[in-house]
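Results of the structural survey
Given next are the chains, with one letter for each unit.
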Amino acid sequence: MENATIQALELRRPDLRFPFPEGLGQIAGGKRILGLGRRAKFLTMDFDDGHVLVSHLGMSGSYRVERPEGSHAPGEFHFAKGTAKAHDHMVFHLLQNDRPLRVIYNDPRRFGYVQLVERRLFNDHPSFAHLGPEPIGNALTANILAARFAGRKTPIKSALLDQRNIAGLGNIYVCEALWRARISPKRQAGTLVTKSGRARAPLERLIVAIVDVIAEAIEAGGSSLRDHRQTDGTLGYFQHRFSVYDREEHACPRSKCGGTVRRIVQSGRSTFYCPRCQS
Ligand SMILES: [Zn+2]
């Protein structure tokens, strides 16, 4: 989509989870897309007039790319993506290097939404002002999390899902990162911090685990972007890399652990972990 011009933005219904922004179709029409980005779980699309279209996929949203020679759907998803055309709700009609390109947002459950924000006001917008550091990049350090976790009795699982502490981690990646770092999801966040406010060793391990899990997930999505083979949107290969997520009653894959993966519910979300090697 980068450097493409929006010939028309077609909205096929008045809303997703929330109403589409007022005048979105008119504002987007004729604009050039300068670049795509991401902040936390939001996709961002910068227009050449200073507006940013922000897209959140919710539970079931996905994008599909259609060219005259065929279509593909980037990324690998653990849960099957929607393919029914009845759920195509937003269509970008684009022109890129004089070639037509359509990018279609499909969302069967319509928990996704879009917002229109001015780039100069982006960091002060209520959706973004209180976000913690990104998990990849140099901003995330063990001592930054130590400062946020000090004295907190919240379970570490919930603290990691809280986007004010760290931005962009979802349920799957939190479960996987805690398993890799051998930390129980029930452990109080404050116990990962020394009395003087420094990160303890498990928190240092956790930072490494988070970065690795996210990097591998991006790599998995990127591989499908390159070869376009799995266009059916069903279970991609990243799911086969999960160690604990959605693997209740399976053997813990850690060498010589011998434990069994359990599922518990924390703050209304499923947590998968190994009680034997995570403490
Ligand atoms: Zn284990």
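The model shown is predicted, which means the values in this text are computed figures rather than measured ones. (Residues numbered from 1 in each chain as written. Predicted model: local features only at pLDDT ≥ 70, side-chain atom pairs only at ≥ 80, totals over all residues. Heavy atoms only, no water.)

Take the environment of I27 next. Within the secondary structure layout, I27 lies in helix α1 (residues 24-28). The exposure class of I27 is partly exposed, given its relative accessible area of 24%. Linking I27 and D49, residues 22 residues apart in sequence, is a C-alpha distance of 9.1 Å. Apart from residues lying up to four places away in sequence, I27 is in contact with E22, D49, H51 and L116. (Helix = DSSP H or I, 4+ residues; strand = E, 2+ residues; numbered from the N terminus. Buried < 20%, exposed > 50% of the residue type's maximum accessible area, 1.4 Å probe, protein only. Contact = heavy atoms within 4.5 Å.)

We now examine the nonpolar core. Counting 27 residues, the largest nonpolar core has F149, I156, L160, L203, L206 and I210 as the members making the most contacts within it. A per-element tally of this core places helix α5 (residues 201-227) first, with 7 residues. Residue contacts for L203: discarding those within four places in its chain leaves A142, L145, A146, F149 and L192. Counting 20 residues, the second largest nonpolar core, distinct from the first, contains A4, L9, L16 and F20. (Core = buried A, V, L, I, M, F, W, Y, C linked by side-chain atoms within 4.5 Å.)

Protein coordination at the zinc ion comes from C252 (SG), C257 (SG), C274 (SG) and C277 (SG), with a distance range of 2.3 Å. Around the zinc ion sit 4 donor atoms, and with donor-metal-donor angles ranging over 104 to 116 degrees the site reads as tetrahedral. Between consecutive donors of the zinc ion, the numbers of intervening residues give the motif C-x4-C-x16-C-x2-C. Here the residue C252 occupies a position in the loop between α5 and β10 (262-266), and C277 occupies one in the segment after β11 (269-273), the gap between them amounting to 25 residues. (Donors = N, O, S within 2.8 Å, 3.2 Å for Na, K, Ca; no water. Tetrahedral: all angles 85-135°; square planar, octahedral: opposite > 155°, others 65-115°.)

Tallied over the full model, the rule gives 15 salt bridges. Residues R38 and E134 are paired through a salt bridge, measuring 2.8 Å at the closest nitrogen-oxygen approach. Of this pair, R38 sits in strand β2 (residues 33-39) while E134 sits in the loop between β9 (113-118) and α2 (142-149), placing them 96 residues apart in sequence. When the shortest N-O distance is used, the salt bridge between D88 and R64 registers 2.9 Å. Residue D88 is found in strand β7 (residues 88-96), and its partner R64 is found in strand β5 (residues 62-67); the two are separated by 24 residues along the sequence. The class of R64 is buried, set by a relative accessible area of 13%. Through salt bridges with shared partners, one network takes in R64, E66, K85, D88 and R102. (Salt bridge = Lys/Arg side-chain N within 4 Å of Asp/Glu carboxyl O.)

A negative phi angle is the norm for most residues apart from glycine, just as the trans form is the norm for most peptide bonds. In this structure, D246 takes a positive phi of about 60 degrees despite not being glycine. Within the fold, D246 resides in the loop between α5 and β10. We classify D246 as partly exposed; its relative accessible area is 44%. Phi is positive for S267, close to 50 degrees, though the residue is something other than glycine. You can see S267 is positioned in the loop between β10 and β11. Taking relative accessible area as the criterion, S267 reaches 63% and is therefore assigned exposed.

Coordinates in, geometry out; function isn't part of it.
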